[in-house]
2 protein chains.
Amino acid sequence: MRLAHAFAATSVIVLVAAAGCLAVAPNEDPLPSWNDGKAKQSIIDFVADVTDEKSPEFVPPPERIAVFDNDGTLWAEQPMYFQMFFALDRVKTLAPQHPEWRSKEPFASLLKGDAAGALAGGEHAMLEIVMATHAGMTTVEFEQIVKEWISHAKHPATGRLYTEMVYQPMLELLAFLRSNGFKTYIVSGGGIEFMRPWTEKVYGIPPEQVVGSGIKTKFEMRGGSPVLVRLPELDFVDDKEGKPVGIQQRIGRRPIAAFGNSDGDLQMLQWIGAGEGPRFALYVHHTDAEREWAYDRESSVGRLDKGLDEARAKGWTVVDVKQDWKVIYPFENE
Amino acid sequence: MRLAHAFAATSVIVLVAAAGCLAVAPNEDPLPSWNDGKAKQSIIDFVADVTDEKSPEFVPPPERIAVFDNDGTLWAEQPMYFQMFFALDRVKTLAPQHPEWRSKEPFASLLKGDAAGALAGGEHAMLEIVMATHAGMTTVEFEQIVKEWISHAKHPATGRLYTEMVYQPMLELLAFLRSNGFKTYIVSGGGIEFMRPWTEKVYGIPPEQVVGSGIKTKFEMRGGSPVLVRLPELDFVDDKEGKPVGIQQRIGRRPIAAFGNSDGDLQMLQWIGAGEGPRFALYVHHTDAEREWAYDRESSVGRLDKGLDEARAKGWTVVDVKQDWKVIYPFENE
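Reference entry: report on the structure contained in this document. (Residues numbered from 1 in each chain as written. Chains lettered and ligands numbered in written order. Predicted model: local features only at pLDDT ≥ 70, side-chain atom pairs only at ≥ 80, totals over all residues. Heavy atoms only, no water.)

A look at the pattern of salt bridges
Moving on, step 1. Here the structure, examined in full by the defined rule, presents 40 salt bridges over all chains.
Moving on, step 2. Across the pair lysine 104 of chain B and glutamate 128 of chain B runs a salt bridge whose closest N-O atoms are separated by 3.8 Å. A residue pair is termed long-range when its members are at least 10 positions apart, and lysine 104 of chain B in the loop between helix H3 (82-94) and helix H4 (107-111) and glutamate 128 of chain B in helix H6 (residues 122-134) qualify at 24 residues.
Moving on, step 3. The exposure class of glutamate 128 of chain B is partly exposed, given its relative accessible area of 25%.
Moving on, step 4. The closest approach of N and O atoms between arginine 297 of chain B and aspartate 309 of chain B, which form a salt bridge, is 3.0 Å. In this pair, arginine 297 of chain B sits in the loop between strand E6 (280-285) and helix H12 (306-314) while aspartate 309 of chain B sits in helix H12, placing the two residues twelve residues apart along the sequence.
Moving on, step 5. Residue class for arginine 297 of chain B comes out partly exposed when judged on its relative accessible area of 24%.
Moving on, step 6. Of the residues examined, aspartate 309 of chain B reaches a relative accessible area of 41% and is grouped as partly exposed.
Moving on, step 7. One continuous salt-bridge network, built from bridges that share partners, spans Lys183 and Arg253 of chain A together with Glu200 and Glu208 of chain B. (Salt bridge = Lys/Arg side-chain N within 4 Å of Asp/Glu carboxyl O. Helix = DSSP H or I, 4+ residues; strand = E, 2+ residues; numbered from the N terminus. Buried < 20%, exposed > 50% of the residue type's maximum accessible area, 1.4 Å probe, protein only.)

Set out below in structure tokens:
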């Protein structure tokens, strides 16, 4: 089916869950894109336990909070974070207004088409590119810029819209959790305002349930009307140790389930795992070089090394993408 | 009725609203503690408009977000912010562990019972007291400290629990909005973690819908278990220009209704008012020296000066507590 139909189907599930008055067919597989196996069964068992009022593991609905990393957990992240493609495209678009970029790194390399050279400057170069492309406008303007880009930009390898490169099994998991009274959140190292304009449509996750990295903003009156101006100054980095900090700050209670794919998610999984009562922690392990990408301990993007060891030691669920996922992307069902 | 019963009654309203499948008696007054008049009517008209699918003012449920200041809007704030009573009590409790406080201001004055003298040091003194009492423990420990204090501390003038000094008309308003598909948030200058332990029980507002001022926290492993340690360093001040910043950061979309009582809420009301489509802005004006307190332009706590002028110029709803509220506190109905 086409992507528009996938969205429509997701919306129907969301509406049914929201209405809460309709019965769900009892024998329907809630996770049809998951192969039968330990990973799928662990999810189904956990949800059955926490929603069974007679179980000692029962969790009241307000405490059914599940947090999801985004890059590599809900959508793909290779050959680099999709937000970097956005930033690079923005540099090209803005270049005519910045003649100085022609001789200034990392912009000069970028404009010559040498992205690798530009990013050789490491974190500092990346931060310069992000600030030059994500700051200096109002929040309303930035939202429009993201909406416009995400509606047409295509992935260099697949030629697909980035929002088509979301994981079908995870869309089903999000819907399954919500239909069981869970509130689903994104907790991502990615930019919070880069995600919010499209997460509701693509994942059924509204802006207020998105936690991410962000820059500072400043309230200002312009022509008698208030605006929030985006400043070139980091406010919060929602990665590694930052994820539990972000969860406490933005959600204010400990989730009972967390889903990630990299060492950047490890502290989040540790944090939710240390709470009382039933807990569920899951890592997506990218093992399918044919249908997607295969990477873990040595990858510069989405490295999964310490996390894989800890998952095995603690008995967390590890999804083997090649074995566990029948389908990767929604467009495979077209 | 006793407070426990008031809470129970509130819970029933919340449950009915959450279920969403039950019909509400059409002729029942949703705001029985509000006297008939312009303020009450403006609320009822706004809610009728945005929930009427045939109205050009219709707003889809996900966008029905309403934000409420806390101090002076949902509960009282005189003779000083209730959180300051908490801080002063904590100084007394912690004094035996801090012999140096006996000769160090602002603690020395405080411990001699001279709160006014201690606070004469202004913002700096207040910040010192807050940091000494709100930082240095884990988030889990602080939550317990707040829960314990709020369950027994009494207001010096009324002898009531602080959570009994919430405004009955505002409890009805919160429930009325939620039963019409609104998501209700607190956006307060008060400490976010000082509010979260009790807002769900008292207002029906869960921790994830509380925005407030906060200090930084740090992720740490202690004995193999992760904790978040509260640091004596301001992270965010959710007041004045900070309120729209906090709303964008934590909610990520512009609310359509905002409720406040002081100049500290002015930018929040301006921000929501500047959005497209139907908007509702309301100020609670404290005019009842007999049943509560009367204060506005000259008050050091909850000053309402510029806001009052702007409300009149822009036609925002201004609640005259003496005229508009039949009842102030739930315990008056006992």
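Structural notes on the sheet that holds strand E4 (residues 225-236) of chain B
Residue and element names in this part refer to chain B.
Moving on, step 1. Pairing within the open sheet is mixed, and its seven strands lie in the order E4-E3-E2-E1-E5-E6-E7. On the outer flanks of this sheet lie E4 and strand E7 (317-320), each paired with one strand and no other. Neighbour-to-neighbour, the strand axes of this sheet turn through a mean angle of 30°, independent of strand direction.
Moving on, step 2. Both strand E2 (residues 183-191) and strand E3 (residues 210-222) contribute to a ladder of three bridges, which runs parallel. Following the sheet pairing, isoleucine 186 is matched in E3 by valine 210.
Moving on, step 3. Each of E6 and E7 is contacted by H12, which is oriented at about 135° to E6, the strand it contacts most. (Pairing = 2+ DSSP bridges. Axes fitted to C-alpha atoms, helices over the stretch in contact; angles between N-to-C directions. Contact = heavy atoms within 4.5 Å.)

A few points about the interface of chain A and chain B
Moving on, step 1. Listed per partner, the contact involves 38 residues of chain A and 38 residues of chain B.
Moving on, step 2. Taken together, both faces of the contact between chain A and chain B bury some 3,000 Å²; the carbon and sulfur share is 54%.
Moving on, step 3. Taken together, the links from chain A to chain B amount to six salt bridges.
Moving on, step 4. Two residues, glutamate 200 of chain A and arginine 253 of chain B, come together in a salt bridge whose shortest N-O distance is 3.2 Å. (Buried area = accessible area lost by both parts, 1.4 Å probe.)

So, the packing of helix H10 (residues 242-250) of chain B against helix H11 (residues 266-273) of chain B
Residues and elements named next belong to chain B.
Moving on, step 1. At their nearest, the axes of H10 and H11 sit 7 Å apart, and the two run at 50° to each other. The orientation of H10 with respect to H11, classified from their angle, is oblique. Within the contact between the two elements, H10 uses Lys243, Pro244, Ile247 and Gln248 and H11 uses Gln267, Met268 and Trp271.
Moving on, step 2. Looking at the contact of H10 with H11 residue by residue, the classes come out as four nonpolar, two polar and one charged. (Parallel < 35°, antiparallel > 145°, perpendicular 65-115°, else oblique. Nonpolar A, V, L, I, M, F, W, Y, C, P; charged D, E, K, R; others polar.)

Considerations on a nonpolar patch on the surface
Moving on, step 1. Together, Leu127, Leu234 and Val237 of chain A line one region of the surface with nonpolar side chains, adding up to about 240 Å² of accessible area.
Moving on, step 2. Tracing the sequence through the fold places valine 237 of chain A in the loop between strand E4 (225-236) and helix H10 (242-250). (Patch = residues over 30% accessible without salt bridge, like charges linked within 9 Å, V, L, I, M, F, W, Y side chains within 5 Å. Areas by Shrake-Rupley, 256 points an atom, 1.4 Å probe, with all protein chains shown as cover.)

As for the relation of the copies chain A and chain B
Moving on, step 1. Least-squares fitting of chain A to chain B yields an RMSD of 0.0 Å, with the superposition described by an axial translation of 0.0 Å and a rotation of 180°. This pairing of chains is accounted for by a two-fold axis.
Moving on, step 2. The fraction of interface residues of chain A whose copies in chain B are also interface residues reaches 100%, indicating that both copies meet through the same surface. (Least-squares fit on C-alpha atoms with pLDDT ≥ 70 in both.)

Observations concerning the packing of aromatic side chains
Residues and elements named next belong to chain A.
Moving on, step 1. All told, the structure shown has 42 aromatic pairs over all chains when counted by the stated rule.
Moving on, step 2. One aromatic cluster in this structure is built from Trp75, Phe82, Phe85, Phe86, Phe142, Trp149, Tyr162, Phe194, Trp198 and Tyr203.
Moving on, step 3. Over the ring of phenylalanine 331 we find arginine 160; its NZ or CZ atom is 3.9 Å from the centre of that ring. (Phe/Tyr/Trp six-rings, centres within 6.5 Å; stacked < 30°, edge-to-face > 60°. Lys NZ or Arg CZ within 6 Å of the ring centre and 35° of its normal.)

Remarks on H3 of chain B
Residue and element names in this part refer to chain B.
Moving on, step 1. Its 13 residues give H3 an end-to-end C-alpha distance of 19 Å, which sits within 8% of 18 Å, the value for a rise of 1.5 Å per residue.
Moving on, step 2. Looking only at H3, the buried set comprises Phe82, Gln83, Met84, Phe85, Phe86, Ala87, Leu88, Arg90, Val91 and Leu94.
Moving on, step 3. Summarising the contacts, the buried residues of H3 are in contact with H4, helix H5 (115-119), H6, helix H7 (139-152), E2 and helix H9 (192-203). (Expected span 1.5 Å × (residues − 1).)

A look at the sheet that holds strand E1 (residues 65-68) of chain A
Moving on, step 1. A sheet is described by the order of its strands in space; here seven strands give the open sequence E4-E3-E2-E1-E5-E6-E7 (chain A), paired in mixed fashion. Each end of this open sheet is capped by a strand with a single partner; those strands are E4 and strand E7 (317-320) of chain A. Between one strand axis and the next, the sheet turns through 30° on average, direction left out of account.
Moving on, step 2. Along the sheet face, H11 of chain B touches strand E3 (210-222) and E4 of chain A and points at about 110° away from the line of E4 of chain A.

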